[in-house]
Amino acid sequence: MRWFSVLYPAAVEFTKNLIFSNELLARQITVNTIAPGPMDTPFFYSQETKESTSFHKAQAMGDRLTKIEDIVPIIKFLTTAGWCWLVD
């Protein structure tokens with residue numbers, strides 16, 4: 001996940017630019033960025049070593065990687081009409 005620290009700020013900045021663009025504001029379109037960090041997927045394991053996987057698990061809540069099922073409720077919430085959440 002070495003690239004996460006580089007991509008996350010870029011994704012947040014891109015989202016802010018979309019949110020504050022006049023075209024989206026005028027149309028009342030909301031934009032959210034979801035960056036859950038290391039996730040328990042085949043892609044993650046193919047890119048990481050056993051040591052880095054252990055490190056990410058130890059840093060995460062519950063000593064495990066995020067599962068897709070963990071973020072689905074957040075996505076459902078953020079895609080409900082009228083909701084917008086920005087963390088900087």
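Up top is the structure.
Conventions used here
Residues numbered from 1 in each chain as written. Predicted model: local features only at pLDDT ≥ 70, side-chain atom pairs only at ≥ 80, totals over all residues. Heavy atoms only, no water. Helix = DSSP H or I, 4+ residues; strand = E, 2+ residues; numbered from the N terminus. Buried < 20%, exposed > 50% of the residue type's maximum accessible area, 1.4 Å probe, protein only. Contact = heavy atoms within 4.5 Å. Areas by Shrake-Rupley, 256 points an atom, 1.4 Å probe, with all protein chains shown as cover. Arc of directions from axis to C-beta. Salt bridge = Lys/Arg side-chain N within 4 Å of Asp/Glu carboxyl O.

Q: What should I look at first to understand the overall build of the chain in this one?
A: When its secondary structure is counted, the chain shows five helices and zero strands. Helices and strands appear in the chain in the N-to-C order α-α-α-α-α. Taking all 88 residues of the chain together, the buried fraction comes to 20%. Of all intrachain contacts in the chain linking residues separated by at least 6 positions in sequence, the fraction that spans at least 24 positions is 61%. Counting only carbon and sulfur atoms, one obtains 63% of the accessible surface of the chain, whose full area is about 6,700 Å².

Q: What am I meant to see in helix α4 (residues 50-59) here?
A: Owing to its 3.6 residues per turn, the α-helix brings residues three or four apart onto one side. All buried positions along α4 are accounted for by Ser52, Thr53 and His56. Buried residues of α4 fall within an arc of 105° about the axis and therefore sit on the same side. For α4, exposure combined with an orientation more than 90 degrees from the buried face picks out Lys50 and Glu51. For α4, the secondary structure elements touched by its buried residues are α3 (42-47).

Q: Would you explain the side chain of Thr53 in this entry?
A: For Thr53, the location among the structural elements is in helix α4. Relative accessible area serves as the criterion here: at 8%, Thr53 is assigned to the buried category. Filtering out sequence-adjacent residues up to four positions away, Thr53 remains in contact with Phe44, Tyr45 and Glu48.

Q: I'm lost on the pattern of salt bridges in this one. Help?
A: Between side chains of opposite charge, a pair can form when the charged atoms approach closely. Within the structure shown, the criterion is met by two salt bridges. Note that Lys67 is salt-bridged to Asp40, the shortest N-O span being 2.8 Å. Placement of the pair is Lys67 in the loop between α4 and α5 (68-78) and Asp40 in the loop between α2 (22-26) and α3, with a sequence separation of 27 residues. Close ionic contact of Arg64 with Asp70 constitutes a salt bridge, the shortest N to O distance being 2.9 Å. With relative accessibility at 31%, the residue Asp70 sits in the partly exposed group.

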